[in-house]
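Analysis of the macromolecular model
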Amino acid sequence: VWVRAAGFEQWWREGPWEDELGEVRLSRAARQVGTVRDQAGRPVEAVEVQCSCADAPAFSDAAGRFQLEVNSLERTRHLRARKGALEAERTVDEGEAADLVLQSVTRVRGTCLDVAGQPGSRVVYATDKARRLMRAEQVGPDGRFEASLPEGLWVFSLCGRGLVPVLVRGSAMEVKLEVGGG
């Protein structure tokens, strides 16, 4: 039996039962709070904010504040905010308010090839220079991938093989990643 109610943690119990379930007490859902701002520090309204441990997104209010109901078992939370061509990402720990700063992103399209020139990976990893963000993007059977990344220096790797630094800038760019066998 599953019990779900807005604002409360889910409750479940496996059967079979010989009697009634009796009284069910639900705990308040855990919440992730934060603020969305532009690069000048001004709050931004109507930004969609998603969390790795939330069933539904939230939208920021006129003061840039948002609040998400999250799974209380997840201690680390990856947040992503998006409004038009602006995005922000951040990983926070339980209890930490998230301050998300929107910035323009570059649409990076690329190809992953092994030393023989064949598609060489199933996943490409991109880590920013400060190692605050790490992105894993699926690679198609033809070796193609796409990612939206903030401008700056990113280091790409293919399933832990090789490190390829790429200066990401502009609205869109194409990269070719050639790293040892896939």
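Read on for a plain summary of the structure. As the structure is a computational prediction, the values presented were derived from the model and not from experiment. (Residues numbered from 1 in each chain as written. Predicted model: local features only at pLDDT ≥ 70, side-chain atom pairs only at ≥ 80, totals over all residues. Heavy atoms only, no water.)

1. Some remarks on the side chain of Thr106
Under the convention used in this document: A run of H or I in DSSP counts as a helix once it spans at least four residues, and a run of E counts as a strand once it spans at least two, with each numbered from the N terminus. Any pair of nitrogen or oxygen atoms within 3.5 Å is treated as a polar contact; in protein, a donor-acceptor pairing is required on top of that, and neighbouring residues in sequence qualify only through side-chain atoms on both sides. By definition, residues are in contact when any of their heavy atoms lie within 4.5 Å.
By secondary structure assignment, the location of Thr106 is in strand 10 (residues 103–113). A distance of 2.6 Å separates a polar atom in the side chain of Thr106 from the backbone oxygen of Gly170. Aside from chain neighbours lying at most four places away, what touches Thr106 is Ala147, Ser148, Leu149, Glu151, Val168, Arg169, Gly170, Ser171, Ala172 and Met173.

2. Structural notes on the nonpolar core
Formally: Within this scheme, the nonpolar core is defined by two criteria: the residues are buried Ala, Val, Leu, Ile, Met, Phe, Trp, Tyr or Cys, and they are joined through side-chain atoms within 4.5 Å. We call a residue buried when its accessible area falls under 20% of the maximum for its residue type, exposed when it is over 50%, and partly exposed in between, using a 1.4 Å probe and counting protein chains only.
Among the nonpolar cores identified, the biggest contains 19 residues, and Val36, Val49, Leu68, Leu79 and Leu100 are the most heavily contacted of them. Of all the secondary structure elements, the ones that give two or more residues to this core are strand 3 (30–37), strand 4 (48–51), strand 6 (65–70), strand 7 (76–83), strand 8 (86–93) and strand 9 (98–101). Sort the elements by how many residues they give to this core and strand 6 lands first, with three residues. Not counting the four nearest positions on each side in its chain, Val36 is found in contact with Arg42, Pro43, Val44, Val47, Val49, Ser60, Gly64, Phe66, Leu100 and Leu102. Formed by 16 residues, the second largest nonpolar core is a distinct cluster that contains Val124, Ala126, Val164 and Leu177.

3. Examining the sheet that holds strand 3
Going by this rule: Strands are treated as partners if at least two bridges between them are detected by DSSP. Axis definition: a line fitted to C-alpha atoms, limited for helices to the stretch in contact. Angles are taken between N-to-C directions and run from 0 to 180 degrees.
Taken together, the three strands give an open sheet; going across it, the order is 6-3-9, and neighbouring strands pair in mixed fashion. Two strands in the sheet have a free side with no partner beyond their single neighbour: strand 6 and strand 9. Put simply, the sheet's adjacent strands are angled 30° from each other on average, direction ignored. Where strand 3 lies against strand 6, six bridges are found, and the strand directions are antiparallel.

4. Concerning the pairing of strand 8
Where strand 7 meets strand 8, eight bridges bridge the pair, whose relative direction is antiparallel. Among the inter-strand pairings, Arg77 is bridged to a residue of strand 8, identified as Val92. Connecting the antiparallel pair strand 7 and strand 8 is a turn made up of two residues, with Gly84 showing a positive phi of about 60°. Where strand 8 meets strand 10, two bridges bridge the pair, whose relative direction is antiparallel. Following the sheet pairing, Leu86 is matched in strand 10 by Ser104.

5. Brief notes about the pattern of salt bridges
In plain terms, the rule: Just to be clear on terms, a salt bridge is a Lys or Arg side-chain nitrogen sitting within 4 Å of an Asp or Glu carboxyl oxygen.
Here the structure, examined in full by the defined rule, presents 13 salt bridges. Arg65 is paired through a salt bridge with Asp61; the nearest N and O atoms lie 3.4 Å apart. What emerges from the salt-bridge pattern is a single network uniting Arg80, Arg82, Glu87 and Arg107.

6. Here's the deal with the packing of aromatic side chains
Under the convention used in this document: In this scheme Phe, Tyr and Trp rings, the latter by its six-membered ring, pair at centre separations within 6.5 Å, and the angle between planes marks the pair as stacked below 30 degrees, edge-to-face above 60, and tilted otherwise.
What the rule picks out here adds up to one aromatic pair. When the ring of Phe145 is compared with that of Phe156, the centres are 6.1 Å apart and the planes differ by 45°; the resulting orientation is tilted. One end of the pair, Phe145, is in strand 13 (residues 144–150); the other, Phe156, is in strand 14 (residues 152–158), and 11 residues separate them in sequence. A relative accessible area of 2% means that Phe145 is categorised as buried.

7. Observations concerning unusual backbone geometry
For Ala46, which is not glycine, the phi torsion reads 65° and is therefore positive. Judged by its relative accessible area of 43%, Ala46 is partly exposed.

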